[in-house]
Amino acid sequence: MSDAPQRFLVAADSRLRFAPHVKFRHDETRGRWVVLAPERLLLPDDLAVEILKLVDGALSVGGIVDDLARRFDAPREVIATDVTAMLQDLVDKGVLAA
Amino acid sequence: MSDRTPEIGPPLALLAELTHRCPLRCPYCSNPLELERAGAELDLESWRRVLSEAAALGVLQVHFSGGEPLVRRDLAALVRHAASVGLYSNLITSGVLLDRARLAELVEAGLEHVQLSFQDTLPESADRIAGLADAHRKKLSAAALVREAGLPLTVNAVMHRQNLERLPAMIDLALALGAKRLEVAHVQYYGWALANRRALLPTAEQLERATTAVEEARARLKGVLTIDYVVPDYYARRPKACMGGWGRQFLNVSPAGKVLPCHAAESLPGFDFPSVRGSSLDEIWYRSDAFNRFRGTAWMPEPCQSCERREIDWGGCRCQAFALTGDAGRTDPACALAPDRALLDHARDDAAAPEGDFVYRQIGAMATATAGCT
């Protein structure tokens, strides 16, 4: 089946957004950010929250890495590896989409 | 009401069982044997208050369930209210009552996701299990409507001895329907399903083939279809963390307004489950005896008490412990270390015996079902 859905592989030029019907919002009761998705609830840690705040459908993955490397003063390659792995996992889970 | 347990955080999700009415008669229904009649159901205003209280308590997601929630004509009003107080709405449905107009109304009200149940991939078998003619065809068209409306779809496949061979076909069906998730739900044996255990419990060989099929499909479909799958209790070595632990993450409101730590808890004796008619959700969650009874680890007997997994599986399922041993405070026999483990071994031997007839779920059939339990 050529029209079968394929896994999307995250690359430096990918522009990701939250999948339809996925909500990333601040929860006042817990005082933390949460991701609400079908049958899923994620409580991202502080670093994941910083990454997710940059996911807007416009900024590329490379752009997200540049931003974080600047702000956190860490080697770009290390950040690129970690960020890409996290974003790929969220794409695989259907939380983010291209 | 006892003192508040300080380390307990707010609940994550509310299971709103709007009704026990349902056109299907599945012999493994998770509703209690004693089904509520329509006249006992909470009205729209009471449910609105429950949703508001849940959101204020810190609940993030609401699962509208039943019975069949679409039986309630005011479902869209409830979804709208849930959205207005910031709750993420899931609909858990059989799909047989879903049509285009009804779905449009729900989408407009703010519904985020639909979980649709399937009984089998073969129409005649699916309809026999559901106890309803033409159910399977209606479910297929409901799935198409959900995808047309742009809502994410989860296929919930209830699997057991009479359909487990077709798990690979179920995976193909979920893909063909455009689902992003497939929840392979092995039947859990209390209530109606316990009455039908001889007809439903899979054999070890069936289960092994199913597990292999899931592992293969997960690798092949990574990023395309997420498959939720847990080895069923009767073949597991350790119990599941039922509801993520008693009173830790979930609260369930029954059609008549009883607040329960899980949908099956009403079967437990010696409890006076509080009602939303008399108390607030906040009071019930933090202070009621029912929610505090099996919270944490202090209540646990050995071997749970000294087990390194006591805060992983939380002693397993209280309802299963009661259903099998007669004591809700015992270790879940699903654990290989449980003193009552032999009870599951006997049941597995039964899986090799011929299938019996189903006791179909219906309002007023409790006496028959209880008799089938022995």
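So, how was this worked out
- Residues numbered from 1 in each chain as written.
- Chains lettered and ligands numbered in written order.
- Predicted model: local features only at pLDDT ≥ 70, side-chain atom pairs only at ≥ 80, totals over all residues.
- Helix = DSSP H or I, 4+ residues; strand = E, 2+ residues; numbered from the N terminus.
- Rg over C-alpha atoms; globule rule 2.2 N^0.38 Å.
- Buried ≥ 20, exposed ≤ 12 C-beta atoms within 10 Å, placed from the backbone.
- Contact = placed C-beta atoms within 7 Å.
- Nonpolar A, V, L, I, M, F, W, Y, C, P; charged D, E, K, R; others polar.
- Pairing = 2+ DSSP bridges.
- Axes fitted to C-alpha atoms, helices over the stretch in contact; angles between N-to-C directions.
- Core = buried A, V, L, I, M, F, W, Y, C linked by C-beta atoms within 7 Å.
- Parallel < 35°, antiparallel > 145°, perpendicular 65-115°, else oblique.
- Left-handed = near helix turned anticlockwise from the far one by under 90°.

1. Quick look at the overall build of chain A
- Along its length, chain A carries three helices and five strands.
- Taken from N to C terminus, the helices and strands of chain A fall in the order β-β-β-β-α-α-α-β.
- Taken over the C-alpha trace, chain A has a radius of gyration of 14 Å; the compact-globule value for 98 residues is 13 Å, and the two agree within 12%.
- Projected onto its principal axes, the C-alpha coordinates of chain A cover approximately 45 × 35 × 20 Å.
- By residue count, 23% of the 98 residues in chain A fall in the buried class.

2. Remarks on the overall build of chain B
- When you go through chain B residue by residue, the secondary structure sums to 14 helices and nine strands.
- Scaling as 2.2 N^0.38, a compact globule of 374 residues should have a C-alpha radius of gyration of about 21 Å, and chain B matches this with 20 Å.
- The principal-axis extent of the C-alpha atoms belonging to chain B is close to 50 × 50 × 45 Å.
- Taking the contacts inside chain B whose residues are at least 6 apart along the sequence as the reference set, 72% of them involve residues at least 24 apart.

3. Remarks on the environment of L194 of chain B
- Relative to the elements of secondary structure, L194 of chain B occurs in helix α7 (residues 192-195).
- The sequence separation of L194 of chain B and R348 of chain B amounts to 154 residues, and the corresponding C-alpha distance is 13 Å.

4. Some details on the interface of chain A and chain B
- The interface is formed by 19 residues belonging to chain A together with 20 residues belonging to chain B.
- Elements represented by at least two residues in the side of chain A that touches chain B include exactly β2 (23-27), β3 (32-37) and α3 (76-92) of chain A.
- Per-class residue counts for the side of chain A that touches chain B are eight nonpolar, four polar and seven charged.

5. Focus: the sheet that holds β3 of chain A
Residue and element names in this part refer to chain A.
- Strand order in the open sheet made by the three strands is β2-β3-β4, with antiparallel pairing throughout. Each having just a single partner strand, β2 and β4 (40-42) make up the two edges of the open sheet. Here the average twist between neighbouring strands, direction ignored, is 25 degrees.
- In the sheet, β3 pairs with β4 via three bridges, with the strands oriented antiparallel. Of the residues in β4, the one forming a bridge with A37 is R40.

6. Some remarks on the nonpolar core
- L14, L51, A54, V62, L182 and C319 of chain B are the most contacted members of the largest nonpolar core, which totals 130 residues.
- With residues near it in sequence (within four places) discarded, L51 of chain B still touches V62, L78, H81, A82, V85 and L87 of chain B.

7. With respect to the packing of helix α2 (residues 75-84) of chain B against helix α3 (residues 100-109) of chain B
Residues and elements named next belong to chain B.
- Remark: α2 packs on α3, axes separated minimally by 8 Å, with the N-to-C direction vectors making an angle of 15 degrees. Taken together, the axis directions place α2 and α3 in an arrangement best described as roughly parallel. Classified by chirality, the crossing of α3 by α2 is right-handed. Contacts from L75, A76, V79, R80 and A83 of α2 reach α3 at E105, L106 and A109.
- Of the residues in the contact of α2 with α3, the class split is six nonpolar, no polar and two charged.

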